[in-house]
Amino acid sequence: MPPSPALQAISESAVQGHEADEKYGDAMNWDELEFGVIPTDHMYIMKCSNGDDFSQGHLTPFGKIELSPSAGILNYGQGIFEGLKAIRTKDGRIQLFRPEENALRMKMGAERLCMPSPSTHQFLDALKQTVLANKRWVPPQGKGSLYIRPLLFGSGPVLGLGPAPEYTFLVYATPVGSYHKCGATMNLYIENEVRRAIPGGTGGIKSITNYSPVFEVVKKARAKGFTDVLFLDAATGKNIEEASLFNIFFVKDNVILTPPANGTILPGITRKSIIEIARDLNYLVKERDVPLEDVLAADEVFCTGTAVEVTAVASITYQDKRIEYRTGEESVFHKLRVVLKEIQTGVVEDKMGWTMLID
Ligand code: PMP
């Protein structure tokens, strides 16, 4: 596959030697930015042995890592990840959105998978160091963001079933554009056979093992022209849960419905923020089961996630039935989206205390 136009710009400047090195970020064609990995300058690594606390993390050049073939992550999938964005504000500063929520979610996931986790302070410090060390990769305002990917995994060797003897916390970052190139709205497909999560399982944490089992159905849906799939609950097969990478909301007569975060959906930070913004604007928000009848009856549908932000859903297809929804500027979705975006990009004062400036 030929390199993307954004990457082409980098490799052209790369051949000009070290002096040009300093300017990769500047040489980027920010308008061509996609949602993919562009190697940046530095990543952050911190290790600990089981039973000890994490300590002495450090920055290191972005690059490959060495793992034992019997590392816990490779053999038993003992690992979780997070995702958040560093955004450049209108006045050129850089801020993160609710990063302590990611720290908390990582901690919960680590407990579930029997792993030690970095403290919130260590987590935030690692994010800060990673972003500052890759500052020139934070796109200009409105052109995208620096996506930050914290990973926590069993890196020590293990053969008998059980937790690894050593853990690695690693943070890397890469500049990204919008997740779905297709534009402002999504067309979703309700998956009727494959389930994403089961009661008592790991659907409520960002376990690395939750993601590849849905590749096939998402791939098939995309081949048919859909943006993504919506999963039904495993217990009854009647209620909508979430998509492969984002949470879902339904609006009927100005009442907002979203499936409850009871362990089988990921408690999204964008989801939580949208609920708080909507309640602040006096909308009634109900976190309850959303059966197929509510999908048929909804006026609007939208989804939330760090990567997809807040995006309108233009249609949902279930078996052979396609239902279309309101997506215009008069929609509830649009009002909520604008408020969130203004906070995230520093256009309005952050009265919620959700943003963290890092420069
Ligand atoms: N659901 C799943 C399965 C996800 O992977 C994500 C992305 N983290 C979300 C929902 C949205 O969560 P957030 O708003 O915290 O990005």
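In the block above lies the structure referred to throughout.
What you are looking at is a predicted structure, and each value in this text was computed from that prediction instead of being measured.

Caption draft 1: Local environment of the layout of surface pockets. Looking at the largest pocket, its volume works out to about 860 Å³. What lines the largest pocket is a set of 46 residues, among which Lys85, Ser178, Glu309, Arg337 and Lys341 lie closest to the centre. Secondary structure elements with two or more residues in the lining of the largest pocket: strand E4 (84-88), strand E8 (185-191), helix H8 (269-280), strand E16 (309-318) and helix H10 (332-344). Sort the elements by how many residues they give to the lining of the largest pocket and H10 lands first, with six residues. Its boundaries defined by the atoms lining it, the second largest pocket holds a volume of some 490 Å³. Lining the second largest pocket are 20 residues, and of these Phe81, Arg149, Tyr211, Phe215 and Leu245 lie nearest its centre.

Caption draft 2: Broad picture of the pairing of E8. Burial analysis of E8 places five of its seven residues in the buried class, which makes it a mostly covered element. Two elements, E8 and E16, share five bridges in a ladder whose sense is parallel. The residue of E16 that forms the bridge with tyrosine 189 is threonine 317. When E8 meets strand E9 (residues 228-232), the two strands line up parallel, connected through four bridges.

Caption draft 3: Region of interest: empty space enclosed by the protein. Tallying each qualifying case throughout the model produces two cavities of 30 Å³ or more. Each pocket or cavity is described by its volume, and for the largest cavity that value is around 230 Å³. Lining the largest cavity are 22 residues; nearest its centre among them are Lys206, Leu245, Leu266, Gly305 and Thr306. Where the lining of the largest cavity is concerned, the elements lending two or more residues are strand E6 (145-154), strand E10 (239-243), H8 and strand E15 (300-305).

Caption draft 4: Inspection of the pattern of salt bridges at higher detail. Overall, the coordinates contain 18 salt bridges when judged by the stated rule. Ionic pairing is found between aspartate 91 and arginine 93, a salt bridge with its closest N-O pair at 3.2 Å. Among the residues examined, arginine 93 registers a relative accessible area of 36% and is labelled partly exposed. Glutamate 101 is the salt-bridge partner of lysine 272, the closest N and O atoms lying 3.0 Å from each other. Taken together, the residues span a long stretch of sequence, with lysine 272 in helix H8 and glutamate 101 in helix H5 (residues 99-112) at a distance of 171 residues. For glutamate 101, a relative accessible area of 16% translates into the label buried. What emerges from the salt-bridge pattern is a single network uniting Arg98, Glu101, Lys272 and Glu276.

Caption draft 5: Inspection of the pairing of strand E11 (residues 247-252) at higher detail. E11 sits mainly inside the fold: five of its six residues count as buried. Inspection of the sheet shows E11 paired to E15 by five bridges, in the antiparallel sense. Paired with valine 251 across the bridge in E15 is glutamate 300. As defined by bridge partners, E11 adjoins strand E12 (residues 255-258) across three bridges and the pair is classed as antiparallel. Within the sheet, the bridge partner assigned to phenylalanine 250 lies in E12 and is leucine 257. Connecting E11 to the next strand, E12, in antiparallel fashion are two residues, including aspartate 253 with a positive phi near 50 degrees.

Conventions we followed
- Residues numbered from 1 in each chain as written.
- Predicted model: local features only at pLDDT ≥ 70, side-chain atom pairs only at ≥ 80, totals over all residues.
- Heavy atoms only, no water.
- 1 Å grid on protein atoms, 1.4 Å probe; cavity = no way out; pocket = protein on both sides within 12 Å on 5 of 7 lines; lining within 4 Å.
- Points joined across faces, edges and corners; volume = space filled by probe spheres on them.
- Helix = DSSP H or I, 4+ residues; strand = E, 2+ residues; numbered from the N terminus.
- Buried < 20%, exposed > 50% of the residue type's maximum accessible area, 1.4 Å probe, protein only.
- Pairing = 2+ DSSP bridges.
- Salt bridge = Lys/Arg side-chain N within 4 Å of Asp/Glu carboxyl O.

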